[in-house]
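Chain and residue survey
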Amino acid sequence: NYRRLCQSSGYWDTGDLVHNLYRRYCEHGAKSTVVIDRIYADEVQDFTQAEIALLLKIVQLPTEVFLCGDSAQTIARGVGFRFADINTLWTDLFPPPANWLEGKKARKDI
């Protein structure tokens, strides 16, 4: 089994690295003296959702993340990239306030 082999040999892969960084940031990130104002990333079609989630988590203002890529050029095996997945990640990590539609007219064409 791959996971057992990695653990018994002391090896790790990029998934382990991203998981570890994400977990450590969630535990200690607010105490950090390092501030990341913005992130620019290219070739995001080869990023996993976990890597994109980590980028969104560590930046000071998530609206300052610029991601670009071409879904027709995905080369990473096991990465089924779609830009719609970033939208899903975004709303999972940063849900809109409960009253965000308050005072807005309901649109029937949406």
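These remarks concern the structure in this document.

About the criteria used
- Residue positions are given per chain, counting from 1 as you read along its sequence in written order.
- Confidence filtering applies because this is a predicted model: local features only for residues at pLDDT of at least 70, side-chain atom pairs given and counted only at 80 or more, and all residues used for totals across whole chains, interfaces and linings.
- Remark: hydrogens and water are excluded; side-chain values derive from all non-hydrogen atoms of the structure.
- The salt bridge criterion pairs a side-chain nitrogen of Lys or Arg with a carboxyl oxygen of Asp or Glu, the two atoms within 4 Å.
- In this text, helices come from DSSP runs of H or I with a minimum length of four residues, and strands from runs of E with a minimum of two, each type numbered from the N-terminal end.
- Three labels apply to residues, based on accessible area from a 1.4 Å probe with only protein chains included: buried if under 20% of the type maximum, exposed if over 50%, partly exposed otherwise in between.
- Definition used in this section: a nonpolar core is a set of buried Ala, Val, Leu, Ile, Met, Phe, Trp, Tyr and Cys residues joined via side-chain atoms within 4.5 Å.
- Throughout, a residue-residue contact means that at least one pair of heavy atoms, one from each residue, lies within 4.5 Å.

**A closer look at the pattern of salt bridges**
A complete count under the given rule lists four salt bridges for this structure. Here arginine 23 and glutamate 27 are joined by a salt bridge, their closest N and O atoms 3.4 Å apart. Of this pair, arginine 23 and glutamate 27 are both found in helix 2 (residues 14–28), four residues apart, which corresponds to roughly one turn of the helix. Taking the relative accessible area as the measure of exposure, glutamate 27 reaches 43% and is therefore partly exposed. In this structure, arginine 38 and glutamate 64 form a salt bridge, with 3.3 Å as the shortest nitrogen-oxygen distance. Of this pair, arginine 38 sits in the loop between helix 2 and strand 1 (39–41) while glutamate 64 is found in the loop between helix 3 (49–58) and strand 2 (65–67), placing the two residues 26 residues apart along the sequence.

**Re the nonpolar core**
By size, the foremost hydrophobic cluster in this structure holds twelve residues: Ile39, Ala41, Val44, Ile52, Ala53, Leu55, Leu56, Val59, Val65, Leu67, Ile86 and Leu89. For this core, the element with the highest residue contribution is helix 3, accounting for four residues. Non-local contacts of leucine 55, meaning those with residues more than four positions away in its chain, are made with Ile39, Ala41, Phe47 and Leu67.

Scope: geometric values only; no functional claims are made or implied.
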